[in-house]
Amino acid sequence: MRYVSTRGGIEPVTFSQAVMMGLATDGGLLLPESFPQIDATTLQRWAELPFKALAVEVMYPYVGEDISRVELEKLVEESYASFSHPEVTPVVEVGDLRILELFHGPTAAFKDVALQFLGNLFELLLERSGGRLNILGATSGDTGSAAIYGVRGQERIDIFILHPKGRVSPIQERQMTTVLDANVHNIAITGTFDDGQRIVKELFNDLAFKQEYTLGAVNSINWARILAQVVYYFYAWGRVSGGDVDQKVTFSVPTGNFGDIFAGYVAMRMGLPVERLILATNRNDILSRFVNSGVYQTGEVYPTISPSMDIQISSNFERYLYYLMDQDPAKVRALMDQMGREGKLEVPAEKRAEVAALFQAAAVSEEETRDQIRDTYAQTGYILDPHTAVGVHAAKEIPGAICLATAHPAKFGAAVKEAIGVESEPPASLQGLMEKETRCAVLEADAAVIRDFMKTTLAG
Ligand SMILES: *Cc1c(COP(=O)(O)O)cnc(C)c1O
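None of the values given here were measured: they were computed from a predicted structure.

Visitor: What am I meant to see in the packing of aromatic side chains here?
Guide: When we look at a pair of aromatic rings, we describe it by the centre distance and by the angle of the planes. Per the stated rule, a full pass over the model turns up 24 aromatic pairs. Both rings, one in Tyr62 and one in Trp223, keep their centres 5.7 Å apart while their planes meet at 50 degrees; by these two values the pair is tilted. Residue Tyr62 is found in helix H3 (residues 51-63), and its partner Trp223 is found in helix H10 (residues 223-241); the two are separated by 161 residues along the sequence. By relative accessible area, which is 0% here, Trp223 ends up buried. Ring geometry for Phe258 and Tyr320: centres 5.7 Å apart, planes at 40 degrees, overall tilted. Taken as a pair, Phe258 in the loop between strand E9 (249-254) and helix H11 (259-270) and Tyr320 in helix H13 (residues 317-324) lie far apart in primary sequence, 62 residues in all. Taken as a pair, Phe258 and Tyr320 share a single burial class, namely buried. Counting every residue linked through ring pairs, the aromatic cluster contains Phe35, Phe258, Phe262, Tyr265, Phe290, Tyr296, Phe317, Tyr320, Tyr322, Tyr323 and Phe359. Over the ring of Tyr60 we find Arg69; its NZ or CZ atom is 5.2 Å from the centre of that ring. Lying across the ring of Tyr302, Arg283 places its NZ or CZ 3.5 Å from the centre.

Structural data, given as structure tokens:
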């Protein structure tokens with residue numbers, strides 16, 4: 001499989017090149033040249049596989065030229081051994097709800113599914129090339145800790161993670177800053193997550209710096225992350241349909257960067273029987289506004305009780321735009337130019353209809369989120385984290401929808417307690433964090449400042 005850029009400005013690259021490149025060198029995002037097509041017989045067979053075996057099946061066509069099946073099996077085995085649930089991503093029935101629990105990894109959020117894999121993948125590719133990598137990423141809370149846990153202690157990697165100071169939950173902050181391995185560098189920036197994301201993009205676009213320091217990405221702009229997330233859509237369908245290919249399912253996905261839901265889109269394009277994708281945002285509603293109006297326009301970022309979705313620029317959106325605009329890089333470039341000039345872009349009317357046929361979008365308020373946590377708890381005793389509650393609320397009218405549970409409720413204990421008066425029992429991985437030693441630099445939200453810090457740190 002070869003990978004191309006949404007902006008059409010690079011020669012096709014291999015899987016390992018795409019993983020190492022992160023953002024394409026022309027400023028676009030990398031995508032496979034085509035989607036492997038999964039026929040009905042294969043789908044039926046896949047429905048019976050345990051998670052790890054399924055992961056190998058789903059990923060192999062995307063990596064096959066670069067990574068042998070045996071290597072992939074080993075990567076998958078190592079990556080998901082750190083999950084505390086034997087099924088890795090189980091589907092649980094909670095009253096009328098179907099919850100796809102994605103939070104059984106070491107940092108208790110769904111991002112572990114992709115980042116445990118990506119960390120091991122980087123290690124394999126670097127051992128092979130003899131190279132080093134400096135990972136740079138911005139986090140709204142969960143990516144940072146998941147990425148840090150994915151690569152902590154690795155010899156060929158340094159990791160720099162920017163988080164918006166005071167805007168991530170205390171547990172999220174602790175999960176990152178208590179990792180004291182010498183290769184882990186936490187930076188609290190005095191700004192928002194979008195500032196962090198902008199800085200990361202800027203530094204990746206500084207090609208001289210990027211090359212000299214071999215920067216790598218862990219944000220959901222990295223194709224390998226999307227790929228790892230495609231797996232659980234197939235897995236959940238298998239659990240719910242029992243392999244009946246006529247049974248289409250709807251997924252409800254709490255979304256910020258359009259990463260997780262884009263993985264669902266990829267699964268659908270591969271042939272997974274998907275009825276609809278419910279795109280659920282919190283008050284930061286750039287994506288739900290897009291689905292409902294065809295206009296993609298940034299707005300102010302509001303802090304909410306689902307902070308991992310406090311985003312008004314979605315870094316994976318361009319991937320979807322590429323398919324929506326008939327895989328024509330010129331059209332993508334024109335729209336992204338418009339975005340750059342005017343702070344918004346608009347797709348043609350016939351495209352709006354296409355968007356509306358697949359996605360159903362809702363922006364869920366803080367009050368609705370709390371009410372959902374309270375109602376579900378009252379009816380079933382099951383505790384939703386605020387992100388998951390956003391998705392569950394958005395799926396209210398759709399019985400049987402599979403709601404992605406993106407974080408363990410103990411990770412957002414304060415919001416949960418406010419809603420239902422009790423906190424959820426933390427998993428082992430979250431215990432004792434508040435007592436541990438921490439390390440973190442506080443810096444201005446400015447690309448030049450961050451670049452200098454990285455140079456100084458790496459020289460030392
Ligand atoms: C990152 C995150 C999301 C949003 O995922 P995207 O891929 O950015 O859409 C939702 N919930 C939680 C708990 C997260 O950490």
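Visitor: I tried to follow the pattern of salt bridges on my own but got confused; where do I start?
Guide: Any two side chains of opposite charge can pair if their charged atoms end up close together. If you walk through the whole model with that rule in mind, you get 21 salt bridges. With a closest N to O distance of 3.1 Å, Arg2 and Glu65 form a salt bridge. Here Arg2, found in the segment before strand E1 (3-5), pairs with Glu65, found in the loop between H3 and helix H4 (69-81); they are 63 residues apart in sequence, far enough to count as distant. The partner of Glu78 in a salt bridge is Lys74, with the nearest N and O atoms 3.6 Å apart. Linking Glu78 with Lys74, this pair stays in helix H4, spanning 4 residues, or about one helical turn. Given the relative accessible area of 55%, Lys74 is considered exposed. Here the residues in one salt-bridge network are Asp326, Lys331, Lys351 and Glu354, joined through shared partners.

Visitor: What should I look at first to understand the nonpolar core in this one?
Guide: What tends to happen in soluble globular proteins is that the nonpolar side chains get buried as a cluster. Core analysis: the largest hydrophobic core is formed by 114 residues, its most contacted members being Phe234 and Phe251. Beyond its immediate stretch of four places on either side in the chain, Phe234 contacts Ile38, Leu43, Trp46, Leu54, Val58, Ala267, Met270 and Leu272. Residues Leu162, Ile189, Phe193 and Val200 belong to the second largest nonpolar core, which totals 24 residues.

Visitor: Sorry if this is basic, but what is going on with the environment of Pro86 here?
Guide: Along the chain, the position of Pro86 falls in the loop between H4 and strand E3 (91-94). Classification of Pro86 by relative accessible area gives exposed; the value is 78%. Each C-alpha atom of the pair Pro86 and Phe51 lies 9.1 Å from the other, and the pair is 35 residues apart in sequence.

Visitor: Could you clarify how one ought to interpret the pairing of strand E6 (residues 157-164) in this entry?
Guide: Among the 8 residues of E6, 8 are classified as buried, and the element is accordingly described as predominantly covered. Alternating residues of E6 divide into Ile157, Ile159, Ile161 and His163 and Asp158, Phe160, Leu162 and Pro164, and every residue in both groups is buried. Examined bridge by bridge, strand E5 (residues 133-138) and E6 share 6 bridges and lie parallel to one another. Among the inter-strand pairings, Ile135 is bridged to a residue of E6, identified as Ile159. Relative to strand E7 (residues 184-190), E6 runs parallel, the two sharing 6 bridges. Bridging from a neighbouring strand, Ile159 pairs with Val184 of E7. Where the polypeptide runs from E6 across helix H7 (residues 170-177) and back to E7, its parallel neighbour, the crossover connection is right-handed.

Visitor: Please clarify how the pairing of strand E10 (residues 274-281) should be interpreted in this entry.
Guide: Taken residue by residue, a regular strand's side chains alternate between the two faces of the sheet. Burial within E10 is extensive, with 6 of its 8 residues counted as buried. Direction of pairing for E10 relative to strand E13 (residues 359-363): parallel, over a ladder of 5 bridges. Residue pairing across strands places Thr281 opposite Ala363, the latter belonging to E13.

Visitor: Sorry if this is basic, but what is going on with helix H6 (residues 142-151) here?
Guide: In an α-helix there are 3.6 residues to a turn, and that puts residues three or four apart on one side. Across the 10 residues that make up H6, a large majority, 9, are buried. Among the residues of H6, Asp142, Thr143, Gly144, Ser145, Ala146, Ala147, Ile148, Gly150 and Val151 are the ones counted as buried. Along its buried surface, H6 packs onto helix H5 (111-129), E5, E6, H7, E7 and H10. Two residues or fewer past H6, Gly153 is found with a positive phi of approximately 80 degrees.

Visitor: How do you make sense of the side chain of Thr6 when you look at a structure like this?
Guide: Here Thr6 lies in the loop between E1 and helix H1 (15-21). A polar side-chain atom of Thr6 sits 2.7 Å from a polar atom in the side chain of Glu318. Not counting chain neighbours up to four residues away, the residues in contact with Thr6 comprise Gly28, Leu29, Leu31, Glu318, Arg319, Tyr322, Pro329 and Val332.

Visitor: Looking at this model, I keep getting lost on the sheet that holds E13. Mind explaining?
Guide: Within a beta sheet, neighbouring strands are joined by backbone hydrogen bonds and run either parallel or antiparallel to one another. In space, the 6 strands of this open sheet follow the order E3-E4-E14-E9-E10-E13, with mixed pairing throughout. The sheet is open, and its two edges are formed by E3 and E13, each paired on a single side. With strand direction ignored, the average angle separating the axes of adjacent strands in the sheet is 25 degrees. As paired strands, E9 and strand E14 (residues 402-405) are joined by 2 bridges and run parallel to one another. The residue of E14 that forms the bridge with Phe251 is Ile402. Seen against the sheet, H11 touches E9, E10, E13 and E14 and runs at an angle of roughly 170 degrees to E10.

Visitor: Which parts of the structure should I look at to understand the site of the ligand?
Guide: Near the ligand lie 15 residues; those nearest to it are Lys111, Asp142, Gly256, Asn257 and Thr406. Here an oxygen atom of the ligand and a backbone polar atom of Asn257 are 2.8 Å apart. Its free accessible area being 380 Å², the ligand has 98% of it covered by the protein chains.

Definitions and cut-offs
Within any chain, residue numbers begin from 1 and follow the written order of that chain's sequence. Given that this is a predicted model, residues contribute local features only at a pLDDT of at least 70 and side-chain atom pairs are listed and counted only at 80 or more, while totals for whole chains, interfaces and linings are drawn from all residues. With hydrogens and water stripped out, all remaining heavy atoms of the structure feed into the side-chain values. Only the six-membered ring of Trp is used, alongside the rings of Phe and Tyr, when aromatic pairs are assigned; centres must lie within 6.5 Å, and planes under 30 degrees apart are stacked while those over 60 apart are edge-to-face, with the rest tilted. To qualify as a helix, a DSSP run of H or I must reach at least 4 residues; to qualify as a strand, a run of E must reach at least 2; elements of each kind are numbered from the N terminus. For the exposure calls, accessible area comes from a 1.4 Å probe over protein chains only, and a residue counts as buried if that area is under 20% of its type's maximum, exposed if over 50%, partly exposed in between. Geometrically, a lysine NZ or arginine CZ counts as sitting over a ring once it is within 6 Å of the ring centre and also within 35 degrees of the ring normal. Every case where a carboxyl oxygen of Asp or Glu lies within 4 Å of a side-chain nitrogen of Lys or Arg is listed as a salt bridge. Take the buried residues of types Ala, Val, Leu, Ile, Met, Phe, Trp, Tyr and Cys, join any two whose side-chain atoms come within 4.5 Å, and each joined set is a nonpolar core. Whether two residues touch is decided by their heavy atoms; if any such pair falls within 4.5 Å, the residues are in contact. Only strands joined by at least two bridges in the DSSP assignment are considered to pair. Look down the strands so they point away from you; if going from the first strand over the helix to the second traces a clockwise path, that crossover is right-handed. What qualifies as a polar contact is a pair of N or O atoms within 3.5 Å, subject to a donor-acceptor requirement within protein and to the restriction that residues adjacent in sequence count only when both atoms come from side chains. The convention used is that axes are lines fitted to C-alpha atoms, helices contributing only their stretch in contact, and that angles between N-to-C directions extend from 0 to 180 degrees. Being near a molecule or strand, for a residue, comes down to having at least one heavy atom within 4 Å of it. To measure how exposed things are, a 1.4 Å probe is used in the Shrake-Rupley method; for residues, cover is taken only from the protein chains shown.

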